[in-house]
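Notes for the structure review
Residues per chain, in single letters:
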Amino acid sequence: MKNLFIVANWKSNKTVSQAKEWLEKVESSKLKVQSNTYKEIILCASYTLLPDLKSSIKLGAQDISPFGPGAYTGEVNGEQIKEFADYVLIGHSEQRKYFHEDENSIFKKVKMALKYNLSPIVCVQNDKENINPKVSFVAYDPAFAIGTGNPDTPENANMIAEEIKRKNKDVQYVLYGGSVNAENVHNFTSCLVIDGVLVGGASLDAKEFLEIIKNA
Ligand code: PGA
């Protein structure tokens, strides 16, 4: 039986009431899960939304401080995140582009996530990046495909996923992200080596996200 991970990345979107509305729609819809596939849904939302979503769905943060608790104004540390979430996205290309995320900060953040028992989902641009050997989840999430409507081809994404697993023996799951929607999701989830998807824009609308889960 193949496990599939459908990860929603809301980015910097939604107020508490908008988040609750989305959740109600998703929760009230009874999804028919295919018998040969188990689909795990993980929602990566802004810190401000996590307390209100906590009891209903598996949650992830979208970033983590490279430091522990202490005098780091503006940062949210792993101990704080762990109160609400089990996962954390690290190294997303938007963090690299706008906030100078690099290999060094990714390394520190992964260490912090692991210290506080969070599962890091490390976002990479290709199969050549160094990945901490204790990481189980990697998302191949190339910048050219994010928010552009031009996803990578399933064949290439599968090849990259295969390479990532070959080079990093402890990586159990490789997800694909970048312009995934209800129409194309199955092209990726049906690939042999791809274990799920990371969905940005198309996860914001509950109806579309439900379609993605159904079609995955
Ligand atoms: P997108 O974003 O689905 O809007 O392309 C994906 C991502 O940022 O991981």
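Up top you'll find the structure we're talking about.
Presented here is a report on the structure given in the accompanying data block. Given the structure is predicted, the values throughout are model-derived calculations rather than measurements. Chains are numbered independently. Their residues run from 1 in the order of the written sequence. Side-chain atom pairs in this predicted model are given and counted only at pLDDT of 80 or more, local residue features only at pLDDT of at least 70, and totals for whole chains, interfaces and linings cover all residues. Excluding hydrogens and water, the side-chain figures rest on all heavy atoms present in the structure.

This part covers the pattern of salt bridges. Any Lys or Arg side-chain nitrogen located within 4 Å of an Asp or Glu carboxyl oxygen qualifies as a salt bridge. Enumeration over the complete set of coordinates arrives at 13 salt bridges. A salt bridge links K82 to D86, with the shortest nitrogen-to-oxygen separation between them at 3.1 Å. For E163, the salt bridge goes to R166, with nearest N and O atoms at 2.9 Å. In this pair, E163 and R166 are both assigned in helix α6 (residues 154-167), three residues apart and thus about one turn of the helix distant. A relative accessible area of 23% means that E163 is categorised as partly exposed. Within this structure, D127, K128, E163, R166 and K167 form a network of salt bridges that share partners. The helix count covers DSSP runs of H or I at least four residues long, the strand count covers runs of E at least two residues long, and both are numbered beginning at the N terminus. Three exposure classes are used, based on accessible area relative to the maximum for each residue type with a 1.4 Å probe and protein chains only: buried under 20%, partly exposed in between, and exposed over 50%.

The subject of this paragraph is unusual backbone geometry. The backbone phi angle of K11 is positive, close to 55°, even though this residue is not glycine. Locating K11 in the fold gives a position in the loop between β1 (2-9) and α1 (16-28). Of note in the backbone geometry, H100 takes a positive phi value of approximately 60° without being a glycine. As for its placement among the helices and strands, H100 is situated in the loop between α4 (93-99) and α5 (103-115).

Okay, the state of the cysteines next. When the sulfur atoms of two cysteines come within 2.5 Å, that pair is taken as a disulfide. Applying the stated criterion across every chain, the model contains zero disulfides. C44 forms no disulfide, and the closest cysteine sulfur to it belongs to C123, at a distance of 8.5 Å. What makes C44 buried here is its relative accessible area of 0%.

With that out of the way, let us pick up the packing of aromatic side chains. Between the rings of Phe, Tyr and Trp (Trp by its six-membered ring), a pair exists once the centres lie within 6.5 Å; its type follows the angle of the planes, with under 30 degrees stacked, over 60 edge-to-face, and the other angles tilted. By the definition in use, this model includes 10 aromatic pairs. Centre to centre, the rings of Y87 and F137 are 5.6 Å apart; their planes meet at 85°, and the pair counts as edge-to-face. A residue pair is termed long-range when its members are at least 10 positions apart, and Y87 in strand β4 (residues 87-90) and F137 in strand β6 (residues 137-140) qualify at 50 residues. Just as Y87 is buried, F137 falls in that class too.

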